[in-house]
Every structure is written in structure tokens, then in C-alpha cells.
Amino acid sequence: MLKSKTFLKKTRAGGVMKIVREHYLRDDIGCGAPGCAACGGAHEGPVLEPQPLDPASSLCPWPHYLLPDTNVLLHQIDVLEDPAIRNVIVLQTVLQEVRNRSAPVYKRIRDVTNNQEKHFYTFTNEHHRETYVEQEQGENANDRNDRAIRVAAKWYNEHLKKMSAENHLQVIFITNDKKNKEKAIEEGIPAFTCEEYVKSLTANPELIDRLACLSEEGNEIESGRIIFSEHLPLSKLQQGIKSGTYLQGTFRASRENYLEATLWVHGDDEENKEIILQGLKHLNRAVHEDIVAVELLPKNQWVAPSSVVLHDEGQNEDDLEKEEERERILKTAVNEKMLKPTGRVVGIIKRNWRPYCGMLSKSDIKESRRHLFTPADKRIPRIRIETRQASTLEGRRIIVAIDGWPRNSRYPNGHFVKNLGEVGDKETETEVLLLEHDVPHQPFSQAVLSFLPKMPWSITEKDMKNREDLRHLCVCSVDPPGCTDIDDALHCRELENGNLEVGVHIADVSHFIRPGNALDQESARRGTTVYLCEKRIDMVPELLSSNLCSLRCNVDRLAFSCIWEMNHNAEILKVRFTKSAINSKASLTYAEAQMRIDSTAMNDDITTSLRGLNKLAKILKKRRIEKGALTLSSPEVRFHMDSETHDPIDLQTKELRETNSMVEEFMLLANISVAKKIHEEFSEHALLRKHPAPPPSNYEILVKAAKSKNLEIKTDTAKSLADSLDRADSPTFPYLNTLLRILATRCMMQAVYFCSGMDNDFHHYGLASPIYTHFTSPIRRYADIIVHRLLAVAIGADCTYPELTDKHKLADLCKNLNFRHKMAQYAQRASVAFHTQLFFKSKGIVSEEAYILFVRKNAIVVLIPKYGLEGTVFFEEKDKPKPRLIYDDEIPSLKIEDTVFHIFDKVKVKIMLDSSNLQHQKIRMSLVEPQIPGISIPVDTPNMDINEPERKKKKREK
């Protein structure tokens, strides 16, 4: 049956265009119930169970299916994902509305629908002849959709009666809309709110905790005094932003001070790029990463960023006098030059809430169900939840979601989502850091895995089309020990004309991942492989990352090759790019490759190739540094694990060899050569990588630190910085140069991906290169896959597709890749921090030499070279007499009593694990030398016991 939909659309020229769309209705769409004679088994994919007896409900004890409306799907997704909830009918109408309103929830519901154990069935009611409804005159789209859902629910109940009159199989309509529920009951449809139904599941009381707490706006004020001003409606906010009355931006909460935040203003307003927000009422219920509207305050109300550290530790929600007292502390007398534009939040444009990991702060009131949840991320406010499982959840990591933040509540309301496990447990803490850094880490879905090649796999004649056979070349790979995702391999040989041929061969991942399919979409979403201390979260499935795309030795593999002809002075004479087939002759570690190069006894083809590469790499590096490329430093640590417990038993800084540099030089050269080629071919949509030059103010700390050691650091260009770092040497203090390079690294900007058609500045500051991209690691970076596709089109080895030449879509992709790359770095650092804690937990008290990296008003930040570990030594502690501190920002220096500390001074510190806060266990450092009475501690001070908080708790209970 054919229906036609007609609607009017306004054209750009201001005219009106009539659009007619055909809408096909069918009578062969299955209901999803197995064995339904009326449907004749016309359904595909996951289906409902024939006699659904679980979960047992006191409201509807007969077998039933659930049919939720749109708002239940949007707000109660945590309940629907629970294993107890099965046999749910998801209507097409509901799914389309969810898709338009929330992409994350839509993805979650699709994942649940694809899980066969859940028995969720998608019913295409909009194309079924008996369930399709047309919009009536005067009826809005929302009311029409509500009616369509009721019509489908009624049809299901009548249809199931035909199927079997004896078994009382029914469809229960779940809605939180009061009017919709009343209409459904009038029409003879069994209907309940989500809360009514969940509370009726007597065998699953824990589900009540997962209910989202949805308070109605009108009922907010009854229970208490108003704390916050009302948020303005979106229409008023948009008008205000347009007229310039309000500023729109991203709300960034402070980690150090819960009463302070910064607004990063969207747009080109350079004068007011950052707005300070200070005080509970001015923050007005905004949460970190929300998009908000802010009103700028008059200049006489502007404040300076606070240097006070304030953490929200109160249990009493009503203790607002204490909040006001703390806010007064923030407004201490400051220099007028330090005042910054200050504002207040007037409304929320977009909430960016996510599920938060953290711990329950159990209420002191016995038998209370209301408790506060403290997130692991200090930028997120505490969340009020109701749970019956408080005694079970205490001391465990849990996930909580925010539901809303009423005007009369000091904290937002939320609900319990999941119990992750015991705090301090390795698996639990790894899960927490992945969730907190938004690292996609679920197993790859069947839809994604279905696009992998079938095994056994081998290179076919079709694969060799537009591809050179280079399997005869003496190619080898050089990687860290234990590396299974080998992206790159190299070769070097002498040509008949006396020149050298050098090849960089990169895994041809784009051959296996084709544009637009589920595998490609998932790889793009993940963006990068994440390397943790004991775990790798792959960007692509293991069959590709560790097998078919990994350039392992003695197997045929597909590659993308960049081949240069060079003279012996490493000058490029020719360059060509080709898809290829290679067979690596050796998979070496950096140490093995170095040993071959250094050995006088070895002269085989692989070793000769390595020596040629090493010789050229030294010339290339020297030339790069002469142009102004920076050689910076950051202390990287490596853990040695116990083979049985997998706990860290040793911690040391990574050793770098000549061969590390050799591989790096050719990867850089390949990336630069490819960047030039794709930009020549696609000037508007090449995916490139740039590293902006830091503003001069970034270098202040480096210049001052060097000056305190009578050294001069010039920062006007990268070349002058590189040269002055090379000259900054002290015969009596050999580690000084490394410290300066570490400090210089902290002054740098973040390198980012961008689309060439959306930017004018391509320069890579750190590499002193006018153009750069990423080509050499497609197994672990999605940016490289796009670059491979661009290069393949440029050389005629593959065909293009629309998204590849759409600069706006490419710019959006770059935004996600930059975010994923940043989150991966943070997750890696968090993993190192956690394993460092494990190491010192078993190690006990350790005293080591350290160097000062920064001086603060009341602390020094030190680096311990032996462990590559950084930490802060505080000189002001609670309940202890305050020492005499004099801070000089100009030198910079910190005088404690009669001892003066400068950057790079050598000190001795004691390292221990501080477990006084289970949620935020941390490495604590105390000064041992130089000795300052009342400050320094003797080496043999007892260690802070990891179980101290637990012991104190048990003592209180007794």
C-alpha cells in the first residue's frame, strides 16, 4: 500500500517549495513473537521469548512484553540495560525520536537491541498497515507520535490474543507522561510509569537504585529555600547571545577549587576569551564541560583567579553559611592588574553530563537511603543519590548518573548505575581510568567483526592490482620488546649508480578497512590505540592489529611504501609512493638492532641495511637540528612486573638507544614527504598535523630558571631556543641540561590534526618543518588511515569517496581525533600513576635524590631522576604550626625560615603512599635534606599505612 506525505519547505531565495514523499505500508512485518501464526514467522534478528516469565511483577503476574515510550528510553536507559529487563518492544517511532534527541542513548539502545540475550525487538510500526497513523489537523508532531505509540500498543495486545487466547500474553505500555498514561488506560491498554513497574519487581529490588530521579519543575521549590537563580529559557539565551548581552562558552570547573570555574568563550572575542566564574551562586548549577550562557559582571565586581586550594568535604547540605565564609576567603585583596573579566551563569545551552565514577560517602544517619556520591574527578560536584545498598557499596568504585539539579538543592540529584569493584583493585582501577577518560574499550561488536577478512588469509591476484611486489627486498622492523602491532619496516640498499635506495614500508590497513562500513566507523570513533602499563586498548580488532596488518617477519604482508633515492649525504634525489607486498626478513628490538650495528662479526644483508640506515639517520638528524628542530626531554618510566602477581616490582626510566633515533628519523622523513604529496594533490582537504609556536609568556619560567643558574635561554625562534639549550651546560651539574629540556617541554603547545582547507598556518614548531602529517602508524592511529586513503587516490591506487573530499567533515573528524589523542595521553599518565602507587605500596619508605622543577607559594615540585617521578613537597600542613614562607615570583624562589630554594636545586625527599583518602590515594613526598627544623623529617619516620583509614573506621565502629 502506498501513502504520500506532502510538506512545504522554504528555499534559500525565500520561495516555498512543495515536497511530496512516498511512504510504503506493508502487511508482512512480523511482531517479533516466535511461533506467531498471524505473522507467519516474518521477522529477522533477535526476537522476543515465547513465554516471558521473568522478571516477576506484582502488578502484572502474567507473561508480558514491555513497550516503552521515547522519554522512558531517553531517561531510564540504565534500567533498560539491566540484565533483569528482557522482552522489550522498541517502536520505530520511539527509535527515530531518540536518534534525533540523543546520539549516545541511541547507540546504547542499538547495542542492547543487538544483544540476543536481552530479547529486544524493533518493530517498524511506521510502515505497518495497521499501526501507521497520519497526523491530524491541529495535532502537533509530539501528540501524533504519542498516539502512534498507543495505537501500536493496542494493536499488539489484540494481535497477541489471536495468537493464543489461553496464555494471557500481554504488552505493557511504560510511560512517565501522566496524560499519555491516562489516555492509554481509557483505550484499554495496560499502562504503568517506569517507577511503578520497577517497584513491582520484588525479586529485583536493586533496580530501584537505577531509576533516574526526574523531579518536575513545579515541585522543586516546596521542600526548601531557593539557593540558585532560575535558568533562563533557551529562546531568551539565544536572543541575549545574538545581541551581545550574554556570552556563550564551555564551562570548565577547577580541580583545585570547587567554588571557581572558567568559561572558555566560543567565537572570536579576543578581549573576553576567558571569563572567571566564582562563588556557588554565580556557578549556578553548571557542571564541567556544559555549554552555558554567562552575563559579564560590572568591572567593580571583577575578581582574580584564586590561589587557594578548596575541596568540597562537607556532608551537611544545608551548611550554606560555611560556603559563604569560604567565598569571602577567595576575595582577598589583590593587585588590580590581576583582575580578570568575571561573570555569572544565567542559563544552560547544552548539558554534557556523562556517567561518573567515584565512591559513596555514606550518610551518618543510620538506615538513611539518601547519601552523597563523591566523583573521582574533582571538577564534578558531589551527587545526591538514593540507594538501599549503601553498606554493600561502601569502599567500592561505583558509577552514578546525574538526573537533574533543582534550584533548592546544594547538589545535583542522580541515580546509581553500576558497581565496578573494590577500590584499589587493579581491574577496577583500570576500568575507572578508561571510563573517566572516555576511552572506548568495549569488545568489538559482531557488526564490526563481520567486516574482517575470512581466515586463512593470503595475498590474491586481485590484491596485487595497482601494487608492486617487493617481497625480494631485505626489509626488517625495529620496535620495543614485546611489540605485536608492527606498523613499520625499513630497507636500505645500494643501487647500480652508486646511490642508495631507502624504503619505509607501512602496514596497508586501509586495504582491510573500507570507507563507511561498521569497522571503519568504530575505528574512527576510537581514533587511537591506548597503551596502558599492562593493557592495550586496540583501535582495530586483534586479527588486524597483531596479525594481518602487523609486519611480522617471514610472512607476506600488504604495505604502503615510501621509497627514496638518496646520495650518501642523505640528500633526496627522487621519491615515489606505491602500494606493495613485502616479506620482512627480521623483527628486531632496538637492543638487537643496536647489537648488530655495533658487532664487527656480523656483515649479513640485514646488518648492512641497518648500518646504512643508521649512517643516513645521523646526517638527517644533524640537518634537522641545524634547521631549528627541538630535542626536548620527558622522563618516561618502565615497570618491571612480577610474572605471577603482575604487580610492579621495579620502576626505572626508559633507556634510549641510537636505533630509537634511527627509526624516528625515517618515520619523520616519510611523514613530511607524504604531507607534501597529499597537499599538492588536495590543497583544500589534506589531513595534516601542526604544532603551534608557544606564546612568549609560556617561556617565562624557563628563562627565569636558567637565569638563576647564570645561563641565558633565547626563545625568539625555535632555532635560537635549540641553540641556547645546546649551550646550556654545566661541568659541575651534568643533569642540568636534561632538566632544562624537561622544563622546555612543559612550555610547549599541543600538536593537533587539522584540515588544510580550514587553516593557513601549517608549520610544525617542534620539528622545524613547514608541513607535516601522520602516515606511519595506521594500526594505532585513525588519522594515518585517512592519510593513506588520500595518498592512494593521489597515486591512482584507489578510488575516492565523498567524505574524503569534504573539508567540513574532515575538520569534524580532526576534532574527534584531537580529543581522543588527548584522552589517551591522560589515560596513559593515570595508568603510570596507579602502577607507581602499587610499586610504593609494596616498597614502603624510600628516600631519594630529587631536583626542584617548580617553586610555588607554599610548596616545591620535584623530579626524582631514578624513577622519572614527579611530586609536590608541601610546607603547610593541617593542624601544624605554619612556617615562615617568603615567595619571590621574579627569581623564582621560596624562602622557608632561613633556607632558600631555587629551581633545579638538589634536595633529598622521602617517598611514601598516602592512603588517608581512599578515593584519591597519592604519592606523598616530604623533605629530608636540607634539614630545616620543624620541616625536614628523619629518614626512619614510620610509613603511612595503606590500611590506616580502614583501621580507623573499624575502631570507630567498635
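How each quantity is defined
Residues numbered from 1 in each chain as written. Predicted model: local features only at pLDDT ≥ 70, side-chain atom pairs only at ≥ 80, totals over all residues. Heavy atoms only, no water. Helix = DSSP H or I, 4+ residues; strand = E, 2+ residues; numbered from the N terminus. Buried < 20%, exposed > 50% of the residue type's maximum accessible area, 1.4 Å probe, protein only. Contact = heavy atoms within 4.5 Å. Areas by Shrake-Rupley, 256 points an atom, 1.4 Å probe, with all protein chains shown as cover. Axes fitted to C-alpha atoms, helices over the stretch in contact; angles between N-to-C directions. Parallel < 35°, antiparallel > 145°, perpendicular 65-115°, else oblique. Left-handed = near helix turned anticlockwise from the far one by under 90°. Nonpolar A, V, L, I, M, F, W, Y, C, P; charged D, E, K, R; others polar. Phe/Tyr/Trp six-rings, centres within 6.5 Å; stacked < 30°, edge-to-face > 60°. Pairing = 2+ DSSP bridges. Salt bridge = Lys/Arg side-chain N within 4 Å of Asp/Glu carboxyl O. pLDDT = per-residue confidence, 0-100. Expected span 1.5 Å × (residues − 1). Arc of directions from axis to C-beta. Core = buried A, V, L, I, M, F, W, Y, C linked by side-chain atoms within 4.5 Å.

A. Local environment of the overall build of the chain. For the chain, the helix and strand inventory stands at 25 helices and 38 strands. Within the span of the chain, comprising 958 residues, buried residues form 51% of the whole. Look at the contacts in the chain between residues 6 or more apart in sequence, and 68% of them connect residues 24 or more apart. When the accessible surface of the chain is totalled, it reaches about 47500 Å², and 49% of it is carbon and sulfur.

B. Seen up close, the packing of helix α12 (residues 426–436) against helix α24 (residues 807–843). With their axes 10 Å apart at the nearest point, α12 and α24 run at an angle of 155° to one another. Put simply, α12 runs roughly antiparallel to α24. Considering only the axes of α12 and α24, their crossing is right-handed. Along its contact with α12, which presents Lys426, Glu429 and Leu433, the element α24 presents Ala827, Ala830, Ser831, Phe834, His835 and Leu838. When grouped by side-chain class, the residues that make up the contact of α12 with α24 number 5 nonpolar, 2 polar and 2 charged.

C. Layout of the side chain of Ser831. Structurally, the position occupied by Ser831 is in helix α24. For Ser831, the residues in contact, after removing those within four places along its chain, are Leu433, Leu532 and Cys533.

D. Examining the packing of aromatic side chains more closely. Counted by the stated rule, this structure contains 13 aromatic pairs. Both rings, one in Trp155 and one in Tyr156, keep their centres 5.2 Å apart while their planes meet at 80°; by these two values the pair is edge-to-face. Residue class for Trp155 comes out buried when judged on its relative accessible area of 8%. Centre to centre, the rings of Phe839 and Tyr867 are 5.7 Å apart; their planes meet at 65°, and the pair counts as edge-to-face. Residue Phe839 is found in helix α24, and its partner Tyr867 is found in the loop between β32 (859–864) and β33 (869–874); the two are separated by 28 residues along the sequence.

E. Geometry of the sheet that holds strand β34 (residues 885–888). The strand order across the open sheet formed by 3 strands is β34-β35-β36, and the pairing between neighbours is antiparallel. What marks the edges here is a single partner per strand, and that holds for β34 and β36 (899–902). Each strand of the sheet is rotated relative to its neighbour by a mean of 15°, with strand direction disregarded. Direction of pairing for strand β35 (residues 893–896) relative to β36: antiparallel, over a ladder of 4 bridges. When the bridges of β36 are listed, Ile896 appears paired with Thr899.

F. Molecular detail of the pattern of salt bridges. Under the defined criterion, the tally for this structure stands at 52 salt bridges. The partner of Asp556 in a salt bridge is Arg471, with the nearest N and O atoms 3.0 Å apart. Pair noted here: Asp556 is in strand β24 (residues 556–566) and Arg471 is in the loop between β18 (468–469) and β19 (476–479), with a separation of 85 residues, a long-range link. Owing to a relative accessible area of 31%, Asp556 belongs among the partly exposed residues under this scheme. One salt bridge in this structure joins Asp914 and Arg924, with 4.0 Å as the shortest N-O distance. Taken together, the positions of Asp914 in strand β37 (residues 906–914) and Arg924 in strand β38 (residues 922–929) put the pair 10 residues apart, joining distant regions of the chain. For Asp914, a relative accessible area of 6% puts it in the buried group. Of the residues examined, Arg924 reaches a relative accessible area of 23% and is grouped as partly exposed. Taken together, the salt bridges that share partners define one network made up of Arg354, Asp377, Arg379 and Glu436.

G. View of the sheet that holds β33. Strand order in the open sheet made by the 5 strands is β33-β32-β31-β37-β38, with antiparallel pairing throughout. Lying at the two open borders of the sheet, with one neighbouring strand each, are β33 and β38. Ignoring strand direction, the axes of neighbouring strands in this sheet form an average angle of 45°. Looking at chain direction, β37 and β38 are connected through 7 bridges and run antiparallel.

H. Looking closely at the confidence of the model for the chain. Of the residues in the chain, 87% reach a pLDDT of 70 or more, and the chain-wide mean stands at 86. Low confidence marks residues 216–223, where pLDDT is under 50. Its contacts with residues over four positions away, or in another chain, come to 7 contacts. Here residues 942–958 scores under 50 on pLDDT; set against residues more than four positions off or in separate chains, the count is 21 contacts.

I. Quick look at the environment of Ala693. Relative to the helices and strands, Ala693 is located in the loop between β29 (687–690) and α20 (700–707). Put simply, Ala693 and Gly766 are 73 residues apart on the chain and 8.2 Å apart in space, counted from C-alpha to C-alpha. The contact partners of Ala693, leaving out residues within four places of it in the chain, are Met749 and Tyr765.

J. Quick look at helix α4 (residues 103–114). The end-to-end C-alpha separation of α4 is 17 Å, in line with the 16 Å expected for 12 residues at 1.5 Å each. Among all positions of α4, only Val105, Tyr106, Ile109, Val112 and Thr113 are buried. Each buried residue of α4 lies within a common arc of 125° when the element is viewed along its axis, so the set occupies one face. Turned more than 90 degrees off the buried face of α4, the exposed positions are Ala103, Pro104 and Asn114. Lining the buried residues of α4 we find α1 (70–75), α2 (77–80), α3 (92–101) and β5 (120–123).

K. Highlighting the nonpolar core. Core analysis: the largest hydrophobic core is formed by 89 residues, its most contacted members being Leu544, Trp564, Leu610, Phe666, Leu687, Phe775 and Ile786. What Leu610 contacts, discounting residues up to four positions off in sequence, is Cys476, Val478, Leu588, Ala593, Arg596, Ile597 and Met662. Membership of the second largest hydrophobic core comes to 54 residues, among which are Tyr65, Val79, Val171 and Phe192.

L. Summary view of the pairing of strand β8 (residues 246–253). Of all 8 residues making up β8, 6 are buried, and the element is well covered by its neighbours. As judged from the 5 bridges shared by β8 and strand β11 (residues 291–296), these two strands associate in the antiparallel manner. Note on β11: the bridge partner recorded for Thr250 is Ile291. Hairpin connection between β8 and strand β9 (residues 260–265): a loop of 6 residues separates the two successive antiparallel strands.

M. Spotlight on unusual backbone geometry. Residue Pro892 is reached from Ile891 by a cis peptide bond, and omega for that bond is -15°. Along the polypeptide, Pro892 turns up in the loop between β34 and β35. The backbone of Asn284 shows a phi angle near 40°, a positive value even though the residue is not glycine. Here Asn284 is to be found in the loop between α9 (280–283) and β11. A relative accessible area of 0% places Asn284 in the buried class.

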